[in-house]
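# Results of the structural survey
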Amino acid sequence: MIDILSLNLQETEQAIIPLGLEKYRAKQIYTWLHDRRCRNFADMTNISTAMRTKLSENFCIKSLKIYKKLESKIDNTVKYLFELEDTQYIETVLMEYDHGNSLCVSTQVGCKMGCDFCASTKAGFIRNLTPAEILLQIYETEYDSNKKISNVVLMGIGEPLDNYDNTIKFLELCGISMRNVSLSTCGLIPQIYKLAEEKLPLTLSISLHSAIQQKREKIMPVAKKYPLKELIECCKKYIETTHRRITFEYTCIDGFNISRDDADALIKLLRGINCHINLIPVNTIKEANYNVSQINIEKFKTFLQERNFNVTIRRRLGADINAACGQLKREVEKNK
Ligand code: SAH
């Protein structure tokens, strides 16, 4: 059975022609699936019954089930725990901003990257999500919340560039302007070079978390394979190729990466690069005792701003529903 929601229009055409369907039918099917969000070939009423039967014998339409849903009482953040068809779980977070509704989507079940402060990686890696499974996070959330998603951030469970082809296919299918998409990576250099060549006007976010090589290695194993020096070189090339500014994410941890020396190293590393620094207050997870105080982040921010860097602090949304990635999934799996 072919997973039809993972196919683009051209692939849908190629897949239906051998079944004896005319090429133009692909557009009809595509509209049913993606615009009308139809979940059943039987409901595709402008296609003959015989053809619909053929389609259902050869294709499947994937789905996600809402296993759990947590709604914040502080802001309107909603966290979904979706169950996949093979009973794996992924998290998706819906956030309301002035500029629209933003969805944080997962790209893998688990993660191989092993960042020390991140809950998503603690149970290891299970599998990549298909393009349909990434896409359905948007569709199911829109259906359940009755809200239109205008922005997507690939910052949920998983490393999007470690699931490169399916992530790119998802971007092609999602129908959201690439200017409203942010893709976050821990810094897989070969894939960043590849992404640059796609020339997509999305925002690339690099999880930096320290500008000092030894420190970065301590919390991010990937830093050993892809050292800072090469990563920054790669980022410069990315900007040159895409003409897009890069965001550097910097998760702030007290007593670890927000001292004066850390700020100096960061300034030295990023000086002259067309970038934005997004400071993230570390979300404390059960597996690691990391904390940060708002005052210390503010100080770090001011220090960088005074040196003409474009810096923001990420708003903490859904604090009461554990909205940081991977935590709900871990909890539910432990209790099962
Ligand atoms: N694998 C990708 C995307 C997923 S994580 C990446 O590494 O970028 C999205 C962002 O949240 C990353 O910057 C990640 O380092 C950060 N993050 C993960 N766990 C966190 C935590 N407990 N507190 C704060 N930020 C965290």
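Small disclaimer: the values here were computed from a predicted structure and weren't measured.

Each helix and strand counted, the chain has 12 helices and 14 strands in total. Taken along the three principal axes of its C-alpha coordinates, the chain extends 70 × 45 × 35 Å. Restricting the contact set of the chain to residue pairs at least 6 apart, pairs at least 24 apart contribute 66%. In the form shown here, the chain has an accessible surface area of approximately 15,200 Å², with 48% of it arising from carbon and sulfur atoms. Once the 47 positive and 41 negative side-chain charges of the chain are each reduced to a mean point, those two points are 2 Å apart.

Bringing the sheet that holds strand 12 (residues 246-252) into the picture now. Across the sheet, which stays open at both edges, the 10 strands sit in the order 3-4-5-6-9-10-11-12-13-14 with mixed pairing between neighbours. In this open sheet, the two strands that pair with only one neighbour each are strand 3 (65-71) and strand 14 (311-313). Pairwise comparison of adjacent strand axes, ignoring direction, gives a mean angle of 25° for this sheet. Judged from the 6 bridges that link them, strand 3 and strand 4 (residues 78-83) form a sheet pairing that is antiparallel. The residue bridging K68 from the neighbouring strand is L81, located in strand 4. In this fold helix 11 (residues 294-306) packs onto strand 12, strand 13 (275-281) and strand 14, with an angle of close to 170° to the strand it touches most, strand 14.

A word on helix 6 (residues 189-198). The set of residues buried in helix 6 consists of I189, Q191, I192, L195 and A196. Take helix 6 and look down its axis: the buried residues cluster within an arc of 155°, on one side only. Residues of helix 6 that are buried in the fold lie against helix 5 (164-173), strand 10 (181-185), strand 11 (203-207) and helix 9 (228-242). Where helix 6 terminates, the next one or two residues include K199, which has phi positive at roughly 50°.

Our next topic: the domain arrangement of the chain. According to the domain assignment, the chain contains domain 1 (2-60) and domain 2 (65-335). The distance between the C-alpha centroids of domain 1 and domain 2 comes to 34 Å. Taken together, the contact pairs 11 residues of domain 1 with 11 residues of domain 2. Taken together, both faces of the contact between domain 1 and domain 2 bury some 910 Å²; the carbon and sulfur share is 46%. For the domain 1 face of the interface with domain 2, the top three residues by lost area are L5, S6 and R37, together amounting to 50%. Where domain 1 touches domain 2, the interface holds 3 salt bridges. The shortest N-O distance in the salt bridge between R39 and E140 comes to 2.9 Å. On inspection of domain 1 and its partner domain 2, the count reaches 7 residue pairs in polar contact (both at pLDDT 80 or more).

For the rest of this paragraph, the subject is the nonpolar core. Counting residues in each nonpolar core, the largest one holds 107 residues, and the members touching the most others are F248 and L270. Counting contributing residues, this core receives three or more from each of domain 1 (2-60) and domain 2 (65-335). With near-sequence residues (within four places) excluded, L270 lies in contact with L208, I232, F248, C275, I277 and F309. Ranked by size, the runner-up nonpolar core spans 5 residues in total, among them V93, M95, C104 and V153.

Counted residue by residue, strand 4 has 6 buried out of 6 residues, so it is predominantly covered. Taking every second residue as pointing to the same face, both faces of strand 4 are buried, with V78, Y80 and F82 on one and K79, L81 and E83 on the other. Connecting the antiparallel pair strand 3 and strand 4 is a turn made up of 6 residues. Here strand 4 pairs with strand 5 (residues 89-97) via 6 bridges, running antiparallel. Of the residues in strand 5, the one forming a bridge with L81 is E91. Hairpin geometry of strand 4 and strand 5 is characterised by an intervening segment of 5 residues between the two adjacent antiparallel strands and by a positive phi of about 55° at T87.

Moving on, we come to the site of the ligand. The immediate surroundings of the ligand are formed by 18 residues, with F117, S184, S207, H209 and N283 found nearest. Take E249: an N or O atom from its side chain is 3.3 Å from an oxygen atom of the ligand. One of the side-chain nitrogen or oxygen atoms of T251 is found 3.1 Å away from a nitrogen atom of the ligand. Of all elements in the fold, only strand 10, strand 12 and strand 13 reach the threshold of two or more residues within the shell around the ligand.

About the cut-offs
Residues numbered from 1 in each chain as written. Predicted model: local features only at pLDDT ≥ 70, side-chain atom pairs only at ≥ 80, totals over all residues. Heavy atoms only, no water. Helix = DSSP H or I, 4+ residues; strand = E, 2+ residues; numbered from the N terminus. Contact = heavy atoms within 4.5 Å. Areas by Shrake-Rupley, 256 points an atom, 1.4 Å probe, with all protein chains shown as cover. Lys, Arg positive; Asp, Glu negative; His and termini not counted. Charge placed at Lys NZ, Arg CZ, Asp CG, Glu CD. Pairing = 2+ DSSP bridges. Axes fitted to C-alpha atoms, helices over the stretch in contact; angles between N-to-C directions. Buried < 20%, exposed > 50% of the residue type's maximum accessible area, 1.4 Å probe, protein only. Arc of directions from axis to C-beta. Domains from an automatic or database assignment. Buried area = accessible area lost by both parts, 1.4 Å probe. Salt bridge = Lys/Arg side-chain N within 4 Å of Asp/Glu carboxyl O. Polar contact = N/O pair within 3.5 Å; in protein donor to acceptor, adjacent residues only side chain to side chain. Core = buried A, V, L, I, M, F, W, Y, C linked by side-chain atoms within 4.5 Å. Near = heavy atom within 4 Å.

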